[in-house]
Amino acid sequence: MSTFLILVIILFILLVIVAGKQGLNDFYGLVINMAAVFLLIILLNWQFNVYVVTAFISFIILAVSIYLSADDPKVTNHAFSASLVVLLLVALLAFPVNQWANVQGFATESSEELEGLLLTVGLDFKNIAFAVTIVASLGAIAEASMAISADLNELISSTPDISQKNFFRQSNIIGSQIIGTALNTLFFGVLGDNLSLMIFYVRLHYSFAQLINGKLIVAAALDLLIAMIGVLLTIPVTSWMVYRGHDFSKSPLEK
């Protein structure tokens with residue numbers, strides 16, 4: 001039995017023990033999203049339109065991640081609507097950034113491994129970089145939107161007569177608490193993925209200028225920053241979605 005399979009079994013058992021039926025839903029969501037990513041790779045390899053494919057797969061990943069993680073339709077609907085809006089904003093930002101940064105494709109550090117291989121694969125690496133940037137931000141966007149939507153809907157359920165002013169005050173408080181953990185999760189995730197690469201650079205005595213201009217490091221940093229911006233946008237957008245879904249006409253002006 002491979003190490004990978006053992007870890008998957010341990011994950012499945014812990015999900016069932018800790019979360020019960022919801023843990024099963026989360027596991028099914030992971031499996032579906034993994035299949036969606038493989039489908040994305042296959043469709044891009046077949047040279048389907050990268051923007052249509054990325055939008056389609058992103059829609060699936062967000063829907064699965066959100067609707068399988070909670071049973072409250074208000075929470076999931078608000079989170080999903082906000083995630084789609086943020087996804088569009090992130091895509092509008094990622095497209096010009098990937099065009100201007102020019103960090104797509106292979107770096108010089110990969111030249112030895114690629115030596116003797118045919119590189120004319122007929123794929124536009126700018127398009128691939130765009131798809132990578134979008135997919136890398138989906139998890140953080142879905143997590144942040146679900147967290148803020150669940151908290152705000154719980155706030156409305158416990159305080160149905162809350163005023164608009166207090167609602168947005170509480171949404172700012174809740175959002176500031178979510179942002180800190182979400183940004184740290186993104187940062188340390190990217191740092192962990194690229195830690196061995198950074199150690200490799202240091203061992204080769206790269207200067208600081210070479211380090212911050214290395215294609216692989218810059219590409220990872222751009223994906224991280226765009227994902228962070230997506231998380232920051234998720235907070236106000238989700239708050240607005242929840243606000244639009246609640247009738248404040250009977251609420252007092254000040255509460």
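Structure shown above.
The model shown is predicted, which means the values in this text are computed figures rather than measured ones.

### Topic: helix α7 (residues 164–203)
In an α-helix, one turn spans 3.6 residues, which is why side chains three or four residues apart end up on the same side. The terminal C-alpha atoms of α7 lie 56 Å apart, and with 40 residues this matches the ideal 58 Å at 1.5 Å per residue to within 8%. Of all the bends in α7, the largest measures some 50 degrees and sits at Asn194. Taken residue by residue, α7 has Asn166, Phe167, Ser171, Ile174, Gly175, Ile178, Ile179, Ala182, Leu186, Asn194, Leu197 and Tyr201 as its buried positions. Contacts from the buried residues of α7 go to α6 (125–158), α8 (208–213) and α9 (215–244). Trailing α7 by a residue or two, His205 shows a phi angle of about 60 degrees, which is positive.

### Structural notes on the packing of α6 against α7
The N-to-C vectors of α6 and α7 enclose an angle of 150 degrees; their axes lie 10 Å apart at closest approach. Relative to α7, the element α6 lies roughly antiparallel. The two elements α6 and α7 cross, and the hand of that crossing is right-handed. For the pair formed by α6 and α7, the contact residues are Ala140, Ala144, Ala147, Ile148, Asp151, Leu152, Leu155 and Ile156 on the first element and Phe167, Gln170, Ser171, Ile174, Gly175, Ile178 and Leu186 on the second. Here the residues of the contact of α6 with α7 sort into eleven nonpolar, three polar and one charged.

### Concerning the environment of Ala55
With respect to the element layout, Ala55 can be found in helix α3 (residues 50–67). By relative accessible area, Ala55 is classed as partly exposed at 46%.

Cut-offs and rules
- Residues numbered from 1 in each chain as written.
- Predicted model: local features only at pLDDT ≥ 70, side-chain atom pairs only at ≥ 80, totals over all residues.
- Heavy atoms only, no water.
- Helix = DSSP H or I, 4+ residues; strand = E, 2+ residues; numbered from the N terminus.
- Expected span 1.5 Å × (residues − 1).
- Bend = angle between axes of the 7 residues up to and from the residue.
- Buried < 20%, exposed > 50% of the residue type's maximum accessible area, 1.4 Å probe, protein only.
- Contact = heavy atoms within 4.5 Å.
- Axes fitted to C-alpha atoms, helices over the stretch in contact; angles between N-to-C directions.
- Parallel < 35°, antiparallel > 145°, perpendicular 65-115°, else oblique.
- Left-handed = near helix turned anticlockwise from the far one by under 90°.
- Nonpolar A, V, L, I, M, F, W, Y, C, P; charged D, E, K, R; others polar.

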